[in-house]
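Structure assessment
Here's the letter readout for the chains.
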Amino acid sequence: MQQTEAAHARLREMIVGGAYAPGERLTEVGVAGVLAMSRTPVREALRGLVADGLVRSAGGRGVVVTALDAGALRDTYRVRAALEALTAELAAERQAAGLIAPAELTALAGDAALAEEATVEGRLAEAVVFNRRFHTRIAALAANAPAQAVLDRLWDQIVVSTRASLDPPHRPAQVNGQHRELLAAITEGRAAEAAAVARQHVLDTCG
């Protein structure tokens, strides 16, 4: 089980990181060679990645890295918008109840600043990483494990599906402004506002 988990984590990292592109075929033998593992844990890891939606079966000839089409991507963003509204709301509620340490909010503000800096300077790949880290930290602050797990899978699918068309945000000032609004709403414990800003932010990103 430990080797299977290690293989799954490494393959997920490689796919999300762009080492394997959409449409690329992966075989047990080839992946086992790359990971220096036996085929058994690789086989189980590939099955897990099928369940994650990152690859699909290639009819007995391994798997193929998948990317969401326009319709599926739009649907995925809408689900992500609903879940991020929930996690932002929960994070703000926990902050209002005094359950979030000041250091955690400082770290969240730091992620927002890094994302803004990378976006403004045109370092798009880094901006994607920092942006995801900002949103992932909010999900962690919500302390809702099921929502966080689903969001991780959705983020993976979105990153893989949009990397090829990565370009500067059409409204960078709006994106960064919404991050600041979201940060303020959570920091000040304004749950309803945090939910509304988070939802609109994701839908604007998709739009």
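In what follows, the structure referred to is the one given above.
Residues numbered from 1 in each chain as written. Predicted model: local features only at pLDDT ≥ 70, side-chain atom pairs only at ≥ 80, totals over all residues. Heavy atoms only, no water.

**What about the overall build of the protein?**
Counting its secondary structure elements, the protein contains nine helices and three strands. From first element to last, N terminus to C terminus, the protein shows the α and β order α-β-α-α-β-β-α-α-α-α-α-α. Expected size for 207 residues packed as a compact globule is a radius of gyration near 17 Å; at 18 Å, the protein falls within 12% of this value. The principal-axis extents of the C-alpha atoms in the protein amount to approximately 55 × 35 × 30 Å. Put simply, the protein has 207 residues, and 42% of those count as buried. Excluding contacts between residues fewer than 6 apart, the proportion of contacts in the protein whose partners are at least 24 apart in sequence is 71%. For the protein, the exposed surface amounts to about 10,400 Å²; the carbon and sulfur share of it is 55%. (Helix = DSSP H or I, 4+ residues; strand = E, 2+ residues; numbered from the N terminus. Rg over C-alpha atoms; globule rule 2.2 N^0.38 Å. Buried < 20%, exposed > 50% of the residue type's maximum accessible area, 1.4 Å probe, protein only. Contact = heavy atoms within 4.5 Å. Areas by Shrake-Rupley, 256 points an atom, 1.4 Å probe, with all protein chains shown as cover.)

**A short note on the environment of Pro102**
Structurally, Pro102 is set in helix 5 (residues 102-120). For Pro102, a relative accessible area of 63% gives the class exposed.

**Here's the deal with the sheet that holds strand 2 (residues 55-57)**
One open sheet accounts for three strands, arranged 1-3-2; its pairing is antiparallel. Looking at which strands have only one partner, the edges of the open sheet turn out to be strand 1 (25-26) and strand 2. Two elements, strand 1 and strand 3 (residues 63-65), share two bridges in a ladder whose sense is antiparallel. Following the sheet pairing, Arg25 is matched in strand 3 by Val64. (Pairing = 2+ DSSP bridges.)

**Topic: the pattern of salt bridges**
Scanning the entire structure with this criterion turns up 15 salt bridges. The salt bridge involving Arg137 is made with Asp111; its shortest N-O contact spans 2.6 Å. One end of the pair, Arg137, is in helix 6 (residues 124-142); the other, Asp111, is in helix 5, with 26 residues separating them in the sequence. Residue Arg137 is classed as partly exposed on the basis of its relative accessible area, which comes to 29%. On the accessibility criterion, Asp111 (2% relative accessible area) is buried. A salt bridge links Glu193 to Arg190; its shortest N-O distance comes to 2.2 Å. The exposure class assigned to Arg190 is partly exposed, which follows from its relative accessible area of 27%. (Salt bridge = Lys/Arg side-chain N within 4 Å of Asp/Glu carboxyl O.)

**Points about helix 6**
Helix length check: helix 6 (19 residues) gives 27 Å between terminal C-alpha atoms against 27 Å at 1.5 Å per residue, within 8%. Along helix 6, the residues that are buried comprise Leu124, Ala127, Phe130, Asn131, Arg132, Phe134, His135, Ile138, Ala139, Leu141 and Ala142. The inward-facing, buried residues of helix 6 contact helix 1 (2-17), helix 4 (70-96), helix 5, helix 7 (145-162), helix 8 (172-187) and helix 9 (191-206). (Expected span 1.5 Å × (residues − 1).)

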